[in-house]
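Remarks on the overall topology
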Amino acid sequence: MLSSTLFLPSHGVLQIYPAMDVNSASSVVLQALTQATSQDTAVLKPAEEQLRQWETQPGFYSVLLNIFNNHTLDVNVRWLAVLYFKNGIDRYWRRAAPHALSEEEKTSLRAGLITNFNEPVNQIATQIAVLIAKVARLDCPRQWPELIPILLESVKGQDGLLQHRALLTFYHVTKTLASKRLAQDRRLFQDLASGIYSFACSLWSHHTDCFLQQVCARDEAAALNSLERTLLSLKVLRKLTVHGFQDPQQNMEVMGFLNAVFERLKQFLECCRQVGSESPCREKLEKTIILYTKVLLDFLEDHACAFIPLIQCSLEFAVTYVFTPAGEGVTFERFIVQCMNLIKMIVKNDAYKPTKNIDESKPESLEAHKIKTAFFTHPTLTEIGRRLVSHYFLLTEEELAMWEEDPESFAVEETGGDSWKYSLRPCTEVLFLEIFHNYSQTLTPVLLDMVQNLQGPTNVEDPVLLLMKDAVYNAVGLAAYELFDNVDFDQWFKNQLLGELQVSHHRYKLIRRRVIWLIGQWISVKFKSDLRPLLYEVILSLMQDPDLVVRIETATTLKLTVDDFEFRTEQFLPYLESIFGLLFQLLQQVTECDTKMQVLHVISCVIERVNTQIRPYVGCLVQYLPLLWKQSEEHNMLRCAILTTLIHLVQGLGAESKNLYPFLLPVIQLSTDVSQPPHVYLLEDGLELWLVTLENSPAITPELLRIFQNMSALLELSSENLRTCFQIINAYLYLSAVEFLQNYGESLCRSFCELLKDITNEGQVQVLKVVEIALKVSPVLGVHMFQPLMPAVFRGIVDGERYPVVMSTYLGIIGRVLLQNFSFFSSLLSQMASECNQEMDQLLGSVIEMWVDRMDNITQPERRKLSSLALLSLLPSDNSVIQDKFCGIINITVEALHDVMTEDPESGTFKDCMLMIHFEEPKLSDEEEPPTEQDKRKKLLALEDPVHSVSLQQCVYEKLKAQQAMMGDQSFGVLMETVDTELVRQLQEFMQAL
């Protein structure tokens, strides 16, 4: 009821008039709903806006209820009223929701929803049932205790329509309440289930019996009505049985129903035979049969132990209908899939397997294992194994027709594509693998016998034998790991399979394609390295096969081959040019998005494995990729594959990748621009491409620098890609620190300040590492740009940051500043002393003391040496605080000397192992990746870095000599006495050669 708040439009603006009747309000809302069903946007949009504004007005949902309950109104208008009501439940029914409905109105609405169940339109009836279930989820049983009793009473009625609609609602309410997962809600549902289970069983049984009688009487119209009710009551029972009992095995009615399922399934399958494929009942009959199997599968998944008494019946039923003639003429594909899933779940269920130590096994596990062992006898397993391979593995007429008519779709689906239409095949293969794994001792001889019977080339005029060989080879490929000890694949490859591949008859393409697939399955299991060149010859030949499916399958096997850990580049190089050229041809020939992605993945893999050796052969690919990128504008997943290919291409080309910039940089720009919709798909790969482009860039370009404008928004996202973003920033610093910092230093510092307000310790370290690298590559400009961050770093040291990795990074930053920009360190010390109300010397002493105390937080030898050099840079000094901390400075220095000094075995003297005199190109083996341009930049930078250009041994010696000269021998001797004698001894040992 609308109470006193009602609506009327005035000049397009909503006005609320308090004293109007419900009919007036209804007519206004009805007019808006009618306009909202219009195809004219000029009418539609204003009406939608009016309705949107009314959503929060008291009484609106009462009007909607009146409208959709009025069966004389237009169906489309009533449908829309239901949808608005349903959306309102989601938004405004909860008490805590903004603009929540009043309790008074909700009480009225609940009563109105269950006044009658006589909706004549099926689609609207379903939507009303769903919205009642939504309210029930929030209010039943506490605020709506009468709902279930009213539904049960209505279900018992004689009126056919009322009975059906009540049953439909009963199902949706049960389904919704069963989905609640809080412990209290589950207990409430279990209480409900125990109270109504008997009624639900009798309801299901009654409608099932009616249906079966009507089928026998050939009364199809009545049978269809009864079947609809059977289906709904079974849906209710499914939810009650699976979710309504904590220990269902202790409830006789539950177990009685589950045992009855098998008999009912047989009756319904027999009905399939009786009614035929053209009957109006057929579709719903198949749905009901599938629902029966779902009851068993769900119960098995949720209550494995309670299912043990049903294992025997389930296996007998499923195996009979799937693997014996009993199923012929009555089974259909989805039913076979469900039966296979039932067998698979029983076979693989861990609860049904005893532990290795039988004495430790649970009694129920032993019982289940005993039942399985008794069922899966040698003859049964043999029949299942043979039947799976010789019947279910055979390519169907539909699949063979698809091979001919749409080879690309066939190839993609056969390799597990997302759109695989033949769901029976993957299910069959998974069942085969599961059974073979658990019963390999029995099934291995069976499969090997089938292989032996098919030795030698098969007559191309015998399609049955060709299909059988394809199926058997498929089984051998799937079971490769299980057959490791029983098949000498190398000999089989040389003596049999090679010959099969040389049969060029067009009908033999079936076997050529299967054999090259088979090799791909075995390549990582058992295939000698010295046979690889022979395999590359085969791949080269099959990449020129007249059949497209064979060529695609060969490309997939090539990927598996180069991906294998025994892949040797030098073996592959003689074939690289030819095979890569054929791969490129294949990429151009295929037209489907999925196939192009598949071939691109192969190309990427080849480029990745041969690395720089690919350079002479990529010209055509480089020219083609911009065209493919443009053509794939609507296919983001294909663009992801192109990005992956570009990543490996840039890595393979190294510095030569600069020639790709006219295409490459716009691609990176688009992929990493969060204002562009495609970034949702492309961002991760786009960032990776950006990074490798920088790492392999020989020099900065204005265009490459300009792309960094995308980074600010990326840092604001704080997504899982943040680490890659920091790597990109670091790469810019190594590439051209001055230009980069001059252009982006200030904005980057602002972004870092925002990030550090709410970031994990790990993220904090990533930010600080950027600052550290900036100081390393450009000490003066780096300090200038990141000056706002320095006080926080300084405070972190003084306060004794507890997270060791963060503290280590703090010390690394201050170490750089102290060693390479002392004037800034002095001004920072002065600033912090002023903030802390301390003397500068006192604060410096605190920093040195904390540095000495937390030296163990620093694990990297480079940073440990840096700390020593930084503190030694304070010497010589007549400052009493520094002299007071002299012992700590020497302590850190000796620790660092132990880290970096290595003894020359010939002279017995020590030298600094971190010193780098000049840059040398490393000598690489064939399997090692060459250094990137960034690697070279890091090496050149290291030549100028004090950590690698200053001998710590020499530095210590000179600083101590200078301190001695400043103080005089006697005072210096007194200072050295503050150092532990053992440390002095070790120090002297390191100084011997100087």
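About the criteria used
- Residues numbered from 1 in each chain as written.
- Predicted model: local features only at pLDDT ≥ 70, side-chain atom pairs only at ≥ 80, totals over all residues.
- Heavy atoms only, no water.
- Helix = DSSP H or I, 4+ residues; strand = E, 2+ residues; numbered from the N terminus.
- Rg over C-alpha atoms; globule rule 2.2 N^0.38 Å.
- Buried < 20%, exposed > 50% of the residue type's maximum accessible area, 1.4 Å probe, protein only.
- Contact = heavy atoms within 4.5 Å.
- Areas by Shrake-Rupley, 256 points an atom, 1.4 Å probe, with all protein chains shown as cover.
- Lys, Arg positive; Asp, Glu negative; His and termini not counted.
- Charge placed at Lys NZ, Arg CZ, Asp CG, Glu CD.
- Patch = residues over 30% accessible without salt bridge, like charges linked within 9 Å, V, L, I, M, F, W, Y side chains within 5 Å.
- Salt bridge = Lys/Arg side-chain N within 4 Å of Asp/Glu carboxyl O.
- pLDDT = per-residue confidence, 0-100.
- Core = buried A, V, L, I, M, F, W, Y, C linked by side-chain atoms within 4.5 Å.
- UniProt positions renumbered as here; feature names shortened; annotations may be inferred.
- Axes fitted to C-alpha atoms, helices over the stretch in contact; angles between N-to-C directions.
- Parallel < 35°, antiparallel > 145°, perpendicular 65-115°, else oblique.
- Left-handed = near helix turned anticlockwise from the far one by under 90°.
- Phe/Tyr/Trp six-rings, centres within 6.5 Å; stacked < 30°, edge-to-face > 60°.
- Expected span 1.5 Å × (residues − 1).

**Topic: the overall build of the protein chain**
Secondary structure assignment for the protein chain yields 48 helices and 4 strands. The C-alpha radius of gyration of the protein chain comes to 39 Å, more than 25% above the 30 Å expected for a compact globule of 994 residues. On the principal axes, the C-alpha backbone points of the protein chain span a range of 120 × 90 × 65 Å. The buried share of the protein chain, reckoned over its 994 residues, is 54%. Long-range contacts, defined as pairs at least 24 residues apart, comprise 73% of the intrachain contacts of the protein chain with a sequence gap of at least 6. Summed over its atoms, the accessible surface of the protein chain is roughly 44700 Å², and 50% of this surface lies on carbon and sulfur atoms. Counting 85 positive and 124 negative side-chain charges, the protein chain places the centres of these two groups 5 Å from one another.

**Here we look at a positive patch on the surface**
A cluster of basic residues, Arg94, Arg137, Arg181 and Arg186, forms a positive patch at the surface. Mapped onto the secondary structure, Arg94 falls in the loop between α4 (75-92) and α5 (103-113). Among the residues examined, Arg94 registers a relative accessible area of 53% and is labelled exposed.

**Let's talk about the confidence of the model for the protein chain**
The predicted model of the protein chain averages 91 in pLDDT, with 95% of residues at 70 or higher. Here residues 1-20 is modelled with pLDDT under 50, and outside its nearest four sequence neighbours on either side it reaches 45 contacts, counting other chains as well.

**Overview of the nonpolar core**
Among the nonpolar cores identified, the biggest contains 353 residues, and Trp690, Tyr732, Phe752 and Phe786 are the most heavily contacted of them. The element contributing the most residues to this core is helix α34 (residues 722-755), with 18 residues. The residues touching Phe786, leaving out its near neighbours within four places in the chain, are Leu741, Leu748, Cys749, Phe752, Val771 and Ala774.

**Re a negative patch on the surface**
Where like charges cluster on the molecular surface, the negative patch consists of Glu405, Asp406, Glu592 and Asp594. Note on placement: Asp406 falls in the loop between α17 (397-405) and α18 (407-414).

**Some points on the pattern of salt bridges**
Per the counting criterion, the structure on display carries 40 salt bridges. Taking the shortest distance from any N to any O, the salt bridge between Arg91 and Glu55 comes out at 2.9 Å. You can see Arg91 sitting in helix α4 and its partner Glu55 sitting in the loop between α2 (41-54) and α3 (60-68), a full 36 residues away along the chain. Taking relative accessible area as the criterion, Arg91 reaches 43% and is therefore assigned partly exposed.

**Section: the UniProt feature "domain: Importin N-terminal" (unreviewed entry) in the protein chain**
The UniProt feature table records "domain: Importin N-terminal" (unreviewed entry) at residues 47-119. For residues 47-119, the helix share is 63%, the strand share is 0%, and the end-to-end C-alpha distance is 26 Å.

**Structural notes on the packing of helix α46 (residues 952-967) against helix α48 (residues 981-991)**
Relative to each other, α46 and α48 sit at 115°, their axes nearing to 10 Å. Classed by the angle they form, the pair α46 and α48 counts as roughly perpendicular. You can see that α46 and α48 cross each other, and the crossing is left-handed. Residues Gln953, Val956, Tyr957 and Leu960 of α46 form the contact with α48, whose own contacting residues are Leu987, Phe990 and Met991.

**Let's talk about the side chain of Ser604**
Looking at the secondary structure, you find Ser604 in helix α27 (residues 593-610). Beyond its immediate stretch of four places on either side in the chain, Ser604 contacts Ala641, Thr644, Thr645 and His648.

**What to know about the environment of Ala223**
By the element assignment, Ala223 lies in helix α10 (residues 220-243). Taking the relative accessible area as the measure of exposure, Ala223 reaches 1% and is therefore buried. A sequence separation of 487 residues divides Ala223 from Asn710, and the C-alpha atoms of the two residues are 65 Å apart. Apart from residues lying up to four places away in sequence, Ala223 is in contact with Phe211, Gln214, Val215 and Cys281.

**Some words on the packing of aromatic side chains**
Enumeration according to the criterion identifies 41 aromatic pairs in this entry. Summarising the aromatic geometry, the rings of Phe393 and Phe432 are spaced 5.3 Å apart at their centres and angled 65° between planes, so their arrangement reads as edge-to-face. Of this pair, Phe393 sits in the loop between α16 (378-392) and α17 while Phe432 sits in helix α19 (residues 424-438), and the two are 39 residues apart along the sequence. You can call Phe432 buried: its relative accessible area is 3%. Considering the side-chain rings of Tyr473 and Trp492, the 5.4 Å spacing of their centres and the 90° angle between planes classify their relative orientation as edge-to-face. Of this pair, Tyr473 sits in helix α21 (residues 463-478) while Trp492 is found in helix α22 (residues 489-501), placing the two residues 19 residues apart along the sequence. For the pair shown, Tyr473 and Trp492 are each scored as buried.

**Looking at helix α41 (residues 861-872)**
Over its 12 residues, α41 extends 16 Å from the first C-alpha to the last, a length consistent with the 16 Å expected when each residue adds 1.5 Å. Within α41, 10 of the 12 residues are buried, leaving the element largely enclosed by the surrounding structure. Within α41 the residues assigned to the buried category are Arg863, Arg864, Lys865, Leu866, Ser867, Ser868, Leu869, Ala870, Leu871 and Leu872.

**Notes on unusual backbone geometry**
Omega for the bond connecting Cys140 with Pro141 falls within 30 degrees of zero, at 10°, which places this linkage in the cis form. With respect to the helices, strands and loops of the structure, Pro141 is situated in the loop between α6 (122-139) and α7 (147-155). Along the chain, Leu875 connects to Pro876 via a cis peptide bond; the corresponding omega equals -5°. Looking at the element boundaries, Pro876 is found in the loop between α41 and α42 (880-884). With phi around 60°, His99 is a residue other than glycine that occupies positive phi space. Position of His99 relative to the elements: it lies in the loop between α4 and α5.

**Some points on a nonpolar patch on the surface**
Among the surface-exposed residues, Met637, Val680 and Tyr681 lie close enough to one another that they form a single nonpolar patch of about 330 Å² accessible area. Here Met637 lies in helix α29 (residues 636-653). Judged by relative accessible area, which is 46%, Met637 ranks as partly exposed.

**Re the environment of Ala32**
Within the secondary structure layout, Ala32 lies in helix α1 (residues 22-36). Sequence-wise, Ala32 and Gly329 are 297 residues apart; in three dimensions their C-alpha atoms are separated by 55 Å. Sequence-distant contacts of Ala32, that is, excluding residues within four places in its chain, are made with Ala47, Gln50, Leu51 and Trp54.

**Topic: the packing of α41 against helix α43 (residues 886-900)**
As a packed pair, α41 and α43 sit with axes 9 Å apart at the nearest point and diverge in direction by 145°. For the pair α41 and α43, the crossing hand works out as left-handed. Judged by residue contacts, Arg864, Lys865, Ser867, Ser868, Leu871 and Leu872 of α41 engage Ile889, Ile892, Thr893, Glu895, Ala896, Asp899 and Val900 from α43.

**Let's talk about helix α38 (residues 804-820)**
Helix length check: α38, at 17 residues, gives a terminal C-alpha distance of 24 Å against a target of 24 Å (1.5 Å per residue), a fit within 8%. The buried fraction of α38 is high, at 13 of 17 residues.

**Digging into the environment of Met255**
Position of Met255 relative to the elements: it lies in helix α11 (residues 252-275). Judged by relative accessible area, which is 11%, Met255 ranks as buried. In this view, Met255 contacts Pro248, Gln249, Phe299, Ala306, Pro309 and Leu310; residues no more than four positions away in its chain are not counted.

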